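Single-letter residue listing:
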Amino acid sequence: MHYQNEEIFHVSGFTRPYLPVTLNADPGSIVPARWKLIPFWVKTEDDAAKYANTLNAESESIFEKKSYSNYIGKTRGLLYVNGFYEPHKVAGQKDTENYYIYTPTKDIFTLGIVYSDFKDYETNNVYPTFSVITTAANPLLEEIHNEKKRMPLIIPPASRDAWLSASTKEDIQQLMIPYEGELLAHKVFRVTGAKGDTNRPEIQDAI
């Protein structure tokens, strides 16, 4: 599998960026997909821009929520990242701090996603859109994401094939668990409230 694009150091989901994914419709390929799942009843790009926040999908309710229930059983994928950012609430401070989370080897790893092929009926363009699935936090993320205590669903290498091919609700649910492997984290520039370009290498530097 090969995907040719420039490395991304930070990107906001609210800009609906295209990111590298593997979809279970074609498990041998890495393709671009747009962050923020747009369900089938949204018909135009303008309406998609106004659609409710579907950047993240909670694993606990994903089979019941209208935006995801049509997709989670059939259309899942893997998002390739080398880290992610989480907020940290400090007592007495209005603004949260931000932490960058990554693996000890700093290798690329995969997050579990649910996706929908969105068709813009004005242009007939069709492209995949996705939500990152979240779970309850593991011990490290409980300390960092200390308000909501959530984390993205990390799919370890040994579970990737099972995640793409699972066909029953039970099999899918068994894979949507807090990550049990080792992660590292350090405090970084506050990307949450930043204006202007944050897609630069030093944004991941410890402060």
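Residues numbered from 1 in each chain as written. Predicted model: local features only at pLDDT ≥ 70, side-chain atom pairs only at ≥ 80, totals over all residues. Heavy atoms only, no water.

## Regarding the side chain of Thr-96
Part 1 of the reasoning: Tracing the chain through its elements places Thr-96 in the loop between β5 (84-88) and β6 (97-102).
Part 2 of the reasoning: On the accessibility criterion, Thr-96 (16% relative accessible area) is buried.
Part 3 of the reasoning: Among all residues touching Thr-96, those that are not within four sequence positions of it are Pro-87, His-88, Lys-89, Arg-190 and Thr-192. (Helix = DSSP H or I, 4+ residues; strand = E, 2+ residues; numbered from the N terminus. Buried < 20%, exposed > 50% of the residue type's maximum accessible area, 1.4 Å probe, protein only. Contact = heavy atoms within 4.5 Å.)

## What to know about the packing of aromatic side chains
Part 1 of the reasoning: Throughout the structure, instances matching the rule amount to eight aromatic pairs.
Part 2 of the reasoning: Between Trp-35 and Phe-130, the ring centres sit 6.5 Å apart and the planes meet at 0 degrees, which makes this aromatic pair stacked. One end of the pair, Trp-35, is in strand β2 (residues 31-35); the other, Phe-130, is in strand β8 (residues 126-136), and 95 residues separate them in sequence.
Part 3 of the reasoning: Each member of the aromatic cluster is reached from another via a ring pair, and the members are Tyr-18, Phe-118 and Tyr-127.
Part 4 of the reasoning: The residue whose ring lies beneath Arg-76 is Trp-163, and the NZ or CZ to ring-centre distance is 5.4 Å.
Part 5 of the reasoning: Geometry around Phe-189 places Arg-200 over its ring, the cationic atom sitting 5.9 Å from the centre. (Phe/Tyr/Trp six-rings, centres within 6.5 Å; stacked < 30°, edge-to-face > 60°. Lys NZ or Arg CZ within 6 Å of the ring centre and 35° of its normal.)

## With respect to the sheet that holds β5
Part 1 of the reasoning: Spatially, three strands are ordered β5-β6-β11 in an open sheet, and the strand pairing comes out antiparallel. The two strands at the open ends of the sheet, each matched to only one other strand, are β5 and β11 (184-188). Each strand of the sheet is rotated relative to its neighbour by a mean of 35 degrees, with strand direction disregarded.
Part 2 of the reasoning: Relative to β6, β5 runs antiparallel, the two being bridged by five bridges. For Pro-87, the partnering residue across the bridge sits in β6 and is Asn-98. (Pairing = 2+ DSSP bridges. Axes fitted to C-alpha atoms, helices over the stretch in contact; angles between N-to-C directions.)

## Some details on the pattern of salt bridges
Part 1 of the reasoning: Considering all chains together, one arrives at eight salt bridges under this definition.
Part 2 of the reasoning: For Arg-150, the salt bridge identified is with Glu-60, shortest N-O distance 2.9 Å. Here Arg-150, found in strand β9 (residues 150-152), pairs with Glu-60, found in the loop between β3 (56-58) and α2 (66-69); they are 90 residues apart in sequence, far enough to count as distant.
Part 3 of the reasoning: A relative accessible area of 13% places Arg-150 in the buried class.
Part 4 of the reasoning: In this structure, the salt-bridge partner of Glu-64 is Lys-169, at a minimum N-O distance of 3.8 Å. (Salt bridge = Lys/Arg side-chain N within 4 Å of Asp/Glu carboxyl O.)

## Let's talk about unusual backbone geometry
Part 1 of the reasoning: With a phi close to 115 degrees, Lys-36 is a non-glycine residue in the positive phi region.
Part 2 of the reasoning: Structurally, Lys-36 can be placed in the loop between β2 and α1 (45-50).

## Focus: the nonpolar core
Part 1 of the reasoning: Residues Leu-79, Phe-130 and Ile-154 are the most contacted members of the largest nonpolar core, which totals 24 residues.
Part 2 of the reasoning: At the level of secondary structure, the elements contributing two or more residues to this core comprise β1 (18-23), β2, β4 (76-81), β6, β7 (109-119), β8 and α3 (139-144).
Part 3 of the reasoning: The biggest single contributor to this core is β7, with four residues.
Part 4 of the reasoning: Ignoring sequence-local partners within four residues, the contact set of Ile-154 consists of Phe-84, Phe-109, Thr-110, Leu-111, Tyr-179 and Leu-183.
Part 5 of the reasoning: Leu-37, Tyr-68, Leu-153 and Ala-166 belong to the second-largest nonpolar core, a separate cluster that totals 18 residues. (Core = buried A, V, L, I, M, F, W, Y, C linked by side-chain atoms within 4.5 Å.)

## Let's talk about the environment of Leu-175
Part 1 of the reasoning: Position of Leu-175 among the secondary structure elements: in helix α5 (residues 169-175).
Part 2 of the reasoning: Residues Leu-175 and Asp-161, spaced 14 residues apart in sequence, show a C-alpha to C-alpha distance of 11 Å.

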